[in-house]
Structures are given as C-alpha cells and as structure tokens.
Amino acid sequence: MIRTGQHRRHRAPNGGSRETVLLSPVILTAVITGLAFATPREIAFSRLLPAAPALAAALWPVLPTVVLGGFCLLAMIGLSLVYTDLGTPYTAAAIVAVTLAAAYASHLRLQREETLFQVRLVADAAQKVLLRPLPRRIQDVDIESLYLAAQEQARIGGDFYEVADTPYGVRLLIGDVRGKGLSAVGAASAVINCFRENAYDQPDLKGIIHRLETSIGRYSVAILDPDQPEHFATALIAEIPYGGGQVRILNCGHPPPLLVQDGKIRVLEPTTPSPPLNLASLLGDDYSVDTVAFGSGDQLLLYTDGVTETRDRAGQFFPLPDWMREIGPTPPRELLDRLHRDLLHYSAGLLDDDIAAVAVRRRQAGVPPNSR
C-alpha cells in the first residue's frame, strides 16, 4: 500500500462540494449582477464583474471562461440601460481584458495539468518497478506493507522495502537512503535491484550485504551530485527459514524491528552493531547476524526512522513500542492501517519524512489461508 503523505492531509471534496466549487464563477456572477441591480448606483457593484472570468480561469476550460466573460459584458450593458452613469466603457473594457487574460491563463493551466498527468503516469510506472506490490503471503508467512512519501506529489522516495521467496526462506529487506523524496530514489533503486539479484543466490545474509555495499558504493561514485557527494543507507535484512521456527536478522544501522511474541513486545536491538551501507570503509565491515525465535503466530514489524521520528506539536517523537503494547496483537493489515491513521493524527497530518513499514506474521497451524 503506497500513499503520498501530503495527499492524506486533506480529505478529498465530496461530490456536492466539488460541484459548488465548479459553479462558483456562475454564483459570483449572479451575486454581483443581482447586487448591482438592487443597490443604488453610487455603490457600483458592477465594477466587480471582471472578477468572475478571472475566477473561472482557475476552474474551467477556455471556451466556458470566454462565454462567462461575454455574459458579464452583456450584464454590464444591461445595467447601463438602467443606470446611465456607471462608467460602462471602462468596466466593459476591463471585462474584455480580464476575459482574454483569463482564457490564456486557462489554456496554460490545462497544459500544465496535462503535463502533470503524464508525469504522474511515469511516477506510477517507476513506483511499480521500484516498490512493486509485495506478495501478501509466502507459504506460512503473511506479509503486509505501508509506504508514505513525504514529498508533495511524490509516490516514491528514499525509503524502500522488498521481499524474496528464496531457497533459503523468505528474505525481507527494508532500508532508508540518506535524504528524502525524489533525490534519494536513485540510490534506493540501486540497493533494491541488487537485493533482487542476490537474495536468491547468496547462501547467507552477510553475502547479500556485501553485494549491497558494493552496489551503493558504485552508485555514489557514478552519480555526481554537488549537494550530496556521497550516498549511504541504513538497511535491515530478515530471513525466515521455512518451518524453522526462527528469524535471522542483519541490521546495518537501521531502527530495530519489533517482535510480537506471546502477547509481549520485544525491541530486537542488534547484539553487535553493523555499519550502514557505504560506510564500511570508515567503520569496518564486521557484520553480525542475530537469530531470534519466530514461531507460529509471532509477528514482526520492520519500519524506517520516519515512523519513530514523527513528531507531535510539542516536538515529541512517536512512541512506537508503547503504541504497539497499547493496541496489542493485531493482524498485519489492520496493524499497518492503524499505524498509518495514528501517525497522521499524531503529527496533525504534517509528515516530514518518508515512511515505510512491513509487517510479517507466521501463520498459526490450522488457520485458513483467507483469514486475516
């Protein structure tokens, strides 16, 4: 489930309010014309008529905008027959000038909307390639995902995730490239594509991390960005062997996952820290894999720091472990839906960073496949 954080800040207008907005130039014209006929000449409401086609330019195509301008001009001529001293030539000239300008502005707006539509199509295609929908189930493992891009109009950003059904078990990747929004998409793509190639072939998690380290290093050298000369990323790989009753985790500077086990919440801090991707040359390339019990009914929440660094109006961080304890054991899809809703509520809709989360649960024996 991939959503744009900015879009979630405001509810989409319902059908009735949308129609009211589209009709507002007509309503404005009727109000001004009615007031001009009903009030003394000295008030001269008629001078406001050029505002109607100006408003129409922001909402209507070119032809309706011109038609409305023509109607305003006729209304002004009709007013001049009732009140002979309205300065009709000046107001009429203003209506004509504003209508022509409004028609041109409407034309430019439509061109930009078409361009934006094409850009969104490209973004949708890129989204499907970079963050393709995850399978909701692999053998006995349920998988759900959430993505919120902080940058307005963006569908993707610097946070990423992926899952692979490999001979070694279900392998999951989640990570966060330095930076946010569209500027970090290239580095995220390099890491994801490398994981997709190597998750099936590398027999251990350390081998995958070494390949990811090499990939982002090459990308950082190849892409010359004066604002960001080096790219690095935090990443976490989890491996759930089929029927093994455990999960292996390699955490490279990433926020620790949360494990729900027997109704209790555990924060799975790494026993030995491993360096983020592309920082091994500075911090060393010693990687540590932790093995944790992960049996029937257990659930794991992987997330990026956009979740825990979401702030309320007082500047307090979102208390993810306490939130998990409060809601208790919850199916993966419901868990992420509630997380999405509560993050927006906690931040008053102002998400300042990309957010990614993946919830996985080992299905209990005897639970039907469609049970959520």
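Residues numbered from 1 in each chain as written. Predicted model: local features only at pLDDT ≥ 70, side-chain atom pairs only at ≥ 80, totals over all residues. Heavy atoms only, no water.

Draft legend 1. Molecular detail of the pattern of salt bridges. As enumerated under the stated definition, the model contains 12 salt bridges in all. Glu113 is the partner of Arg109 in a salt bridge, and the nearest nitrogen-oxygen pair spans 3.0 Å. Placement of the pair is Arg109 and Glu113 together in helix H4 (residues 88-130), with a separation of 4 residues, close to one helical turn. Assessed through its relative accessible area of 17%, Arg109 is described here as buried. Judged by its relative accessible area of 42%, Glu113 is partly exposed. Across the salt bridge formed by Glu144 and Arg333, the nearest N and O atoms sit 2.8 Å from each other. With a gap of 189 residues between them, Glu144 in strand S3 (residues 141-149) and Arg333 in helix H10 (residues 332-346) connect regions that are remote in the sequence. For the residue pair Glu144 and Arg333, the accessibility class agrees, reading buried in each case. In the salt-bridge network here, residues are joined through shared partners; they are Arg136, Glu144, Arg333 and Asp337. (Salt bridge = Lys/Arg side-chain N within 4 Å of Asp/Glu carboxyl O. Helix = DSSP H or I, 4+ residues; strand = E, 2+ residues; numbered from the N terminus. Buried < 20%, exposed > 50% of the residue type's maximum accessible area, 1.4 Å probe, protein only.)

Draft legend 2. The packing of helix H5 (residues 185-198) against helix H6 (residues 205-222), seen in detail. Contact geometry for H5 and H6: axes closest at 9 Å, N-to-C directions at 145°. Handedness of the H5/H6 crossing: right-handed. On H6, the residues that touch Gly186, Ala187, Ala190, Val191, Cys194, Phe195 and Asn198 of H5 are Ile208, Arg211, Leu212, Ser215, Ile216 and Tyr219. Residues belonging to the contact of H5 with H6 are distributed by class as follows: 9 nonpolar, 3 polar and 1 charged. (Axes fitted to C-alpha atoms, helices over the stretch in contact; angles between N-to-C directions. Left-handed = near helix turned anticlockwise from the far one by under 90°. Contact = heavy atoms within 4.5 Å. Nonpolar A, V, L, I, M, F, W, Y, C, P; charged D, E, K, R; others polar.)

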